Amino acid sequence: MKRILIIEDEKDLAELLAFNLEKEGFTIRCSFDGISGLAAARDEIPDLVVLDLMLPGLLGTEVCKALRKDTRTARIPVLMVTAKSDEIDRVVGFEVGADDYIVKPFSMRELTLRVKAILRRCESEQSTAASLLNLGGITIDTERHRVMSSDVEIDLTSTEFKLLLYLAERRGRVISRDQLLQNVWSYHEVGDTRTVDTHITRLRSKLGPPGDQVKTVRGFGYKIEEN
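Computed from a predicted structure; not experimentally measured.

Rules of the game
- Residues numbered from 1 in each chain as written.
- Predicted model: local features only at pLDDT ≥ 70, side-chain atom pairs only at ≥ 80, totals over all residues.
- Heavy atoms only, no water.
- Buried < 20%, exposed > 50% of the residue type's maximum accessible area, 1.4 Å probe, protein only.
- Helix = DSSP H or I, 4+ residues; strand = E, 2+ residues; numbered from the N terminus.
- Pairing = 2+ DSSP bridges.
- Salt bridge = Lys/Arg side-chain N within 4 Å of Asp/Glu carboxyl O.
- Axes fitted to C-alpha atoms, helices over the stretch in contact; angles between N-to-C directions.
- Contact = heavy atoms within 4.5 Å.
- Disulfide = S-S within 2.5 Å.

A. Region of the structure containing the pairing of strand β8 (residues 146–149). Here β8 shows a buried face lined by Val147 and Ser149 and an unburied face lined by Arg146 and Met148. Direction of pairing for strand β7 (residues 138–141) relative to β8: antiparallel, over a ladder of 4 bridges. When the bridges of β8 are listed, Ile140 appears paired with Val147. Hairpin connection between β7 and β8: a loop of 4 residues separates the two successive antiparallel strands, and His145 in this loop has a positive phi of roughly 55°. Pairing geometry for β8 and strand β9 (residues 152–154), over 3 bridges, is antiparallel.

B. Here's a closer look at the pattern of salt bridges. Per the stated rule, a full pass over the model turns up 19 salt bridges. A salt bridge links Lys104 to Asp52, with the shortest nitrogen-to-oxygen separation between them at 3.5 Å. One end of the pair, Lys104, is in the loop between β5 (100–103) and α5 (108–130); the other, Asp52, is in strand β3 (residues 48–52), with 52 residues separating them in the sequence. Residue Lys104 shares its accessibility class with Asp52, and that shared class is buried. Asp100 is paired through a salt bridge with Arg114; the nearest N and O atoms lie 3.3 Å apart. Here the residue Asp100 occupies a position in strand β5, and Arg114 occupies one in helix α5, the gap between them amounting to 14 residues.

C. Geometry of the sheet that holds strand β4 (residues 78–82). Judged by pairing direction, the sheet is parallel, and its 5 strands sit side by side in the order β2-β1-β3-β4-β5 without closing on themselves. Two strands lie at the open edges of the sheet, namely β2 (27–31) and β5, each paired on one side alone. With strand direction ignored, the average angle separating the axes of adjacent strands in the sheet is 20°. The pairing of strand β1 (residues 3–7) with β2 spans 5 bridges and is parallel.

D. Structural view of unusual backbone geometry. The omega angle of the peptide bond from Lys104 to Pro105 is -5°, so this bond is cis rather than trans. Of note, Pro105 is situated in the loop between β5 and α5. Residues other than glycine seldom take positive phi values, yet Ile45 does so here, at roughly 50°. Relative to the assigned elements, Ile45 resides in the loop between α2 (34–44) and β3. According to the relative accessible area criterion, Ile45 is partly exposed, its value standing at 30%. Positive phi, close to 50°, is recorded for Ser150, a residue that is not glycine. Judged by its relative accessible area of 44%, Ser150 is partly exposed.

E. The side chain of Thr112, seen in detail. Mapped onto the fold, Thr112 is located in helix α5. Accessibility expressed as a relative area gives 7% for Thr112, which makes it buried. For Thr112, the residues in contact, after removing those within four places along its chain, are Leu21 and Glu24.

F. Seen up close, the state of the cysteines. Inspection of the entire model under this criterion finds 0 disulfides. Free cysteine Cys30: the closest other cysteine sulfur is in Cys64, separated by 18 Å. Residue classification places Cys30 among the partly exposed residues on the basis of a relative accessible area of 28%.

Any functional reading would require information beyond the geometric quantities listed.
If you want it as structure tokens, here you go:
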């Protein structure tokens, strides 16, 4: 279940938010001031923070700034809740790192929909990020079978793509030619290792300067250096 931290000094409102979000299947924790709310976020690392702007102890904007500066909490989505509706307040909220902004009074239905929309968007972004391998000048999209080198899409054959991906997923490790023949070409008997050398040469050529990351280990095989 997704965990949501509510940081709201109006206890009645916090409890109402908690009740409605729990009905939607979320696990809820409440804090009633900025200092304890920030500590709770760092302690629990929730999936989303519902954050009031005007808080005792530490303003919501300062809580949001602190979350964004901490590597452990920097990617937690924040839905900022406030009684202020001026455009400048919305701008400030986004500038300090809020993902969305909702103005009191609001319906529980609207808040629930916004929470779900933010979480869906974050899951989509995480899924996309997980499908990308970045190697310093080379980006491999494992889902779409696309490769970018120096921000230019490179046309690779299926075998070249498999070869690059196999090395990239094991970057820092030396892979023998025989291992590559078995796992990229599916040769289970001894094959001609010159096949590997030829493909490596072509792969480096297509990748351009970033292809220099594919290193030859003399007498054994190849590796992609760890960045």
